[in-house]
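Chains, contacts and geometry: an overview
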Amino acid sequence: MEKFTNVSGVAAPMPLVNIDTDMIIPKQFLKTIKRSGLGVNLFDEMRYNLDGSEISNFVLNKPAYRNAEIIVAGENFGCGSSREHAPWALKDFGISVVISESYADIFYSNCFKNGILPIMLPKEAIDVLMEDASKGENARISVDLENQTVSATDGTEYIFEVDAFKKHCLMNGLDDIGLTFQKIDAVDAYEKAQIETKPWL
Amino acid sequence: MSAPKTLYDKIWDAHVAHEAEDGTCLLYIDRHLVHEVTSPQAFEGLRMAGRTVRAPDKTIAVPDHNVPTTTDRVQGIDNEESRIQVDALDVNAKEFGIHYYPVSDVRQGIVHIVGPEQGWTLPGMTVVCGDSHTATHGAFGSLAHGIGTSEVEHVLATQTLIQKKSKNMKVEITGSLLPGVTAKDITMNVIGKTGTAGGTGYVIEYCGQAIEALSMEGRMTVCNMAIEGGARAGLIAPDQKTFDYCNGRPNAPKGSDWDLALENWKGLYTDEDANFDQIITIKAEDIAPSVTWGTSPEDVLPIDAVVPAPEDFKGGKIEAVKRALAYMGLTPGQKLSDVEIDTVFIGSCTNGRIEDLRAAAEVLKGQKIKNGMRAMVVPGSGLVRAQAEEEGLAQIFMDAGFEWRMAGCSMCLAMNPDQLAPEERCAATSNRNFEGRQGRGGRTHLLSPAMAAAASITGKLTDIRTFNGGA
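Residues numbered from 1 in each chain as written. Chains lettered and ligands numbered in written order. Predicted model: local features only at pLDDT ≥ 70, side-chain atom pairs only at ≥ 80, totals over all residues. Heavy atoms only, no water.

Another aspect to go through is the overall build of chain A. When its secondary structure is counted, chain A shows eight helices and seven strands. Split into buried and exposed, the 201 residues of chain A put 61% on the buried side. Intrachain contacts of chain A at a sequence separation of at least 6 include 65% that bridge at least 24 residues. Roughly 8,200 Å² of accessible area belongs to chain A as shown, and the carbon and sulfur atoms make up 50% of that amount. Between the centroid of the 19 positive side chains of chain A and the centroid of its 30 negative side chains there is a distance of 5 Å. (Helix = DSSP H or I, 4+ residues; strand = E, 2+ residues; numbered from the N terminus. Buried < 20%, exposed > 50% of the residue type's maximum accessible area, 1.4 Å probe, protein only. Contact = heavy atoms within 4.5 Å. Areas by Shrake-Rupley, 256 points an atom, 1.4 Å probe, with all protein chains shown as cover. Lys, Arg positive; Asp, Glu negative; His and termini not counted. Charge placed at Lys NZ, Arg CZ, Asp CG, Glu CD.)

In structure tokens form, the structure reads like this:
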């Protein structure tokens, strides 16, 4: 996984609550056997008409937001299915930070596996950042993972919480499987004990 | 004496293979279920790194999301991308030596129906799958939840997951359900009460008299939709019904192993005085047959209610409701029982089991679906289909005008050819009413199998309590 670097960029405002994974990447694009190339279909049914032309008032189709790196969204972002195609599509489009009041668990966890930082902040902060985001290119939001801060355009810094282990993996681009293999003796021992005590498994 | 534990605490503690100082754990996984949509990238990752599947005997694969449900599917899948995905699973299952039920196998079906049916799912286990409806298996008192593809690869390679413990929530349904009210209505009403994010960060244990009274099929329906309330996993303590369901299944333990397992399983309950971070209590008699009206599973109301107005809500939900009503083509104040439907879908991992088909067939016996109605039954597995044929249910469905399909996920998520057209309105026994879920522009109303059957006859969302046939 690539290392996460600090971001200072345009944020797309998506105030809708409960933006689900079917919206983020509709099922017809789950038929791929690759991880790449999904950015073009990010938010497909909100972004394109049936004939494939762009829906001009959708935020990511507006000139100011075509290169957005951040999404500021309504609460419970990423609810619904476990499809990792959702973070794959966000990342492939160029989004590396999402800011919302809350996330669905599986989506939240999937983000960290793909170099995306999902930031949780209280409503008051989201309201300010949503307003900033609505100013398009005139307002850049800065995210610093090491110091765990989001800076609004007026200079206000919001501190966010992030699990120390997840932060460490994201900052260093660490591969989970490689890390687990370092502890594989513990898994061997667990399995050995399980065969003794729970032979039916 | 050790501190009292919840059922979740007990299963969690029994599966921690390693715990770091900060509480990050390696949780051992007893069963890994795999389907064709969320696994190809994981197998490819293993291949690229020269890794193997650590426990192929604990790994079970079945294609379900993409497979057509028409009987001609044995001749192959027309859609090229779907075919490639199913072929990739064929190849990966063989190459990595995992258990596999191909499309041609009568045991093939929706992964969450096949697992319990084949005795892969047992009490006290940890069960994962690259699918959010893995919560279904919690009905057996197993800790079961959905994972992403990176985690699928992690489990394939290490048979563990990197996890931190969730919080405990108790959802108690007291008393007895009234006639016409089902497990589906229970689970939708819980979501209506908590909202789709209410369960985020929690594992839910469902308990109480109404839960105990449910069959295993009903309990699977309840746990299946735990994820729609935001909880990764839902649990129900195993009891004699659970043990009877498991006993004799092809992959359930036998002989002395069974006795040993049973002894262990009998300790799978929440200790008295165990701590829950949140407790929700609902009276069973307060639950009415319910339907969804919007585009989130929390948008649920009793069938005799009216479509709400945006101003009935607060905060960000107001805009969401405006959008949902426009998408659904509904007007505030409109009676839900007046909403006319075009299509009925009976199936899915929520309601595609034999009991669901029995409940729908009971309503459809001697009836005809409304003229012009499109109606299909997609059994959850080949074995459910075979049993329904043996019991004469298939004939009832076909006589009524339903299409009788082969097993798969089908129109629940419309990855196969079973899809809604824009603005086509469907009464569905599935689990998600998201925009575009059943086909772009399609409008979904979630409800129970009996209510779906009644709607197919009247052509409208229908109160099963007052339904008296297609007069």
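Moving on from the coordinates now.
Attention now goes to the interface of chain A and chain B. Tallying the contact residues gives 56 residues for chain A and 76 residues for chain B. Both faces considered, chain A and chain B share a buried interface measuring about 5,400 Å² in area, 57% of it formed by carbon and sulfur atoms. The tally of links from chain A across to chain B stands at six salt bridges. Between Arg54(B) and Asp188(A) there is a salt bridge, with the nearest N and O atoms lying 2.6 Å from each other. If you list the elements that add at least two residues to the side of chain A that touches chain B, you get α1 (21-24), α2 (44-47), α3 (85-93), α4 (105-112), α7 (176-181) and α8 (184-197) of chain A. Ranked by residues supplied to the side of chain A that touches chain B, first place goes to α8(A) with seven residues. Of the residues contributing to the side of chain A that touches chain B, the split by class is 23 nonpolar, 14 polar and 19 charged. (Buried area = accessible area lost by both parts, 1.4 Å probe. Salt bridge = Lys/Arg side-chain N within 4 Å of Asp/Glu carboxyl O. Nonpolar A, V, L, I, M, F, W, Y, C, P; charged D, E, K, R; others polar.)

Let us look at the packing of α3(A) against α4(A). Residue and element names in this part refer to chain A. One can describe the packing of α3 onto α4 by two numbers: an axis separation of 9 Å at closest approach and a directional angle of 45 degrees. On the basis of the axis angle, α3 is oblique to α4. Viewed along their axes, α3 and α4 form a crossing whose handedness is right-handed. Mapping the contact onto sequence places Ala86, Pro87 and Leu90 in α3 and Phe107, Asn110 and Cys111 in α4. (Axes fitted to C-alpha atoms, helices over the stretch in contact; angles between N-to-C directions. Parallel < 35°, antiparallel > 145°, perpendicular 65-115°, else oblique. Left-handed = near helix turned anticlockwise from the far one by under 90°.)

What follows concerns the nonpolar core. Counting 114 residues, the largest nonpolar core has Phe43(A), Leu90(A), Ile99(A) and Phe397(B) as its most contacted members. Broken down by element, the residue count for this core peaks at seven residues, all from helix α16 (residues 449-458) of chain B. Judged by nonpolar contacts, the second largest core, of 60 residues, contains Val114(B), Cys129(B), Leu214(B) and Ala233(B). (Core = buried A, V, L, I, M, F, W, Y, C linked by side-chain atoms within 4.5 Å.)

Moving on, we get to the packing of helix α13 (residues 354-364) of chain B against α16(B). Residues and elements named next belong to chain B. Their axes nearest at 8 Å, the elements α13 and α16 cross at an angle of 30 degrees. By crossing handedness, the relation of α13 to α16 is classed as right-handed. Residues Asp356, Ala359, Ala360, Val363 and Leu364 of α13 lie in contact with α16, whose contacting residues are Pro449, Ala450, Ala453, Ala454, Ser456 and Ile457. Residues that form the contact of α13 with α16 fall into these classes: nine nonpolar, one polar and one charged.

Tallied over the full model, the rule gives 16 aromatic pairs over all chains. An angle of 45 degrees between the planes, with centres 5.9 Å apart, marks the rings of Trp293(B) and Phe313(B) as tilted. Taken together, the residues span a long stretch of sequence, with Trp293(B) in the loop between β13 (290-292) and β14 (300-302) and Phe313(B) in the loop between β14 and α11 (317-328) at a distance of 20 residues. Since its relative accessible area comes to 2%, Trp293(B) is described here as buried. Site record: aromatic cluster; members linked through ring pairs are Phe77(A), Tyr103(A), Phe107(A), Tyr108(A) and Phe112(A). Residue placement shows Lys10(B) over the ring face of Tyr269(B); its charged tip is 4.0 Å from the ring centre. Between Arg249(B) and the ring centre of Tyr245(B), over which it is positioned, the NZ or CZ distance is 3.8 Å. (Phe/Tyr/Trp six-rings, centres within 6.5 Å; stacked < 30°, edge-to-face > 60°. Lys NZ or Arg CZ within 6 Å of the ring centre and 35° of its normal.)

A few words now on the side chain of Ser82(A). The topology assignment puts Ser82(A) in the loop between β2 (70-73) and α3. Take Ser82(A): its relative accessible area is 3%, and that puts it in the buried class. A polar atom in the side chain of Ser82(A) sits 3.4 Å from the backbone oxygen of Gly130(B). Ignoring anything within four residues of it in the chain, the contact list for Ser82(A) reads Ile106(A), Asn110(A), Gly130(B), Asp131(B), Ser132(B), Ile147(B) and Gly148(B). (Polar contact = N/O pair within 3.5 Å; in protein donor to acceptor, adjacent residues only side chain to side chain.)

Moving on, we come to empty space enclosed by the protein. Tallied over the full model, the rule gives four cavities of 30 Å³ or more. In this structure, the largest cavity spans a volume of roughly 200 Å³. What lines the largest cavity is a set of 23 residues, among which His65(B), Asp131(B), His133(B), Leu413(B) and Arg437(B) lie closest to the centre. Where the lining of the largest cavity is concerned, the elements lending two or more residues are α4 (111-117) and α12 (348-351) of chain B. Along the lines of polarity and charge, the residues of the lining of the largest cavity split into eight nonpolar, eleven polar and four charged. Estimates place the volume of the second largest cavity at around 120 Å³. Lining the second largest cavity are 14 residues; nearest its centre among them are Val17(A), Asn18(A), Met23(A), Thr295(B) and Ala320(B). Here the residues of the lining of the second largest cavity sort into six nonpolar, three polar and five charged. (1 Å grid on protein atoms, 1.4 Å probe; cavity = no way out; pocket = protein on both sides within 12 Å on 5 of 7 lines; lining within 4 Å. Points joined across faces, edges and corners; volume = space filled by probe spheres on them.)

Quick look at the layout of surface pockets now. Size it by volume and the second largest pocket reaches roughly 640 Å³. The wall of the second largest pocket is formed by 24 residues, among which Leu16(A), Glu45(A), Met46(A), Arg323(B) and Glu435(B) lie closest to the centre. Only β1 (7-14), α1 and α2 of chain A together with α11 of chain B provide two or more residues apiece to the lining of the second largest pocket. The element that contributes the greatest number of residues to the lining of the second largest pocket is α11(B), accounting for three residues. Partitioned by chemical class, the residues of the lining of the second largest pocket number 13 nonpolar, three polar and eight charged.

In this section: the confidence of the model for chain B. Of all residues in chain B, 99% have pLDDT values of 70 or greater, and the mean over the chain is 97. Model confidence for the complex: the whole-complex pTM is 0.96, and ipTM, which rates the interface, is 0.95. (pLDDT = per-residue confidence, 0-100.)

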